Amino acid sequence: PLANTNDTLSRPPNHPTPPPRLQASLPFSECRYCVYEHEYTTHDGRPTDKIFFMSWMPNNATPYGKMAYAEAKGVIRGLLDGVFDSSVTALEQIEVAFGITEDEGEESDGDPDDW
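Here the structure is a predicted model, which means the values were calculated and not measured.

Trainee: So what about the pattern of salt bridges? Which residues, and what values?
Mentor: Pairs may arise between side chains of opposite charge once their charged atoms sit close together. For the structure on display, the rule yields four salt bridges. Asp85 serves as the salt-bridge partner of Lys73, at 3.5 Å between the closest nitrogen and oxygen. Separated by 12 residues along the polypeptide, Lys73 in helix α2 (residues 63-78) and Asp85 in strand β3 (residues 84-88) bring together distant segments of the chain. Judged by relative accessible area, Asp85 falls into the partly exposed class, the value being 41%. Here the salt bridges share partners, and the residues they tie into one network are Lys73, Arg77 and Asp85.

Trainee: Pulling in residues and values, what's your account of the nonpolar core?
Mentor: Generally speaking, nonpolar side chains in soluble globular proteins are found buried as a group. Counting 10 residues, the largest nonpolar core is built from Leu22, Leu26, Cys34, Tyr36, Phe52, Met54, Trp56, Val88, Ile94 and Phe98. Counting residues per element, the ones that place at least two in this core are β1 (32-41), β2 (47-56) and α3 (94-98). With three residues, the single largest contributor to this core is β2. The contact partners of Met54, leaving out residues within four places of it in the chain, are Leu26, Arg32, Tyr33, Cys34, Ser86, Val88, Ile94 and Phe98.

Trainee: Could you give an account of the side chain of Ser55, naming the residues involved and the relevant values?
Mentor: Among the structural elements, Ser55 can be located in strand β2. Looking at Ser55, its side chain comes within polar contact range of the side chain of Lys73, at 3.4 Å. Ser55 has contacts with Arg32, Tyr33, Lys73, Ser86, Ser87 and Val88, leaving out every residue within four places of it along the chain.

So, how was this worked out
- Residues numbered from 1 in each chain as written.
- Predicted model: local features only at pLDDT ≥ 70, side-chain atom pairs only at ≥ 80, totals over all residues.
- Heavy atoms only, no water.
- Salt bridge = Lys/Arg side-chain N within 4 Å of Asp/Glu carboxyl O.
- Helix = DSSP H or I, 4+ residues; strand = E, 2+ residues; numbered from the N terminus.
- Buried < 20%, exposed > 50% of the residue type's maximum accessible area, 1.4 Å probe, protein only.
- Core = buried A, V, L, I, M, F, W, Y, C linked by side-chain atoms within 4.5 Å.
- Contact = heavy atoms within 4.5 Å.
- Polar contact = N/O pair within 3.5 Å; in protein donor to acceptor, adjacent residues only side chain to side chain.

Below you can see the structure in the form of structure tokens.
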């Protein structure tokens, strides 16, 4: 369904985008997908990262837009190995969906129970 739209993939910069900048880049009433790399340091000092595939489907997007993105999500998600999947409908849900906390030292050390 997205093949007939004017949507394009934008290439991210060489450095990760902080969550506030990611939030500011999302349209208020249009659905989007994004791949987000969250770099952090674990409580024991190891640098690591997590890569997330996010479906942005705000509550005020059109029903057609939500259906088209929901239908295509499985195909796109199937092409991405090793990423965590999350769906977000409001800006304040982004950090929660990504498991990002105020104190990066409390971040997960890779235990799946912490995801």
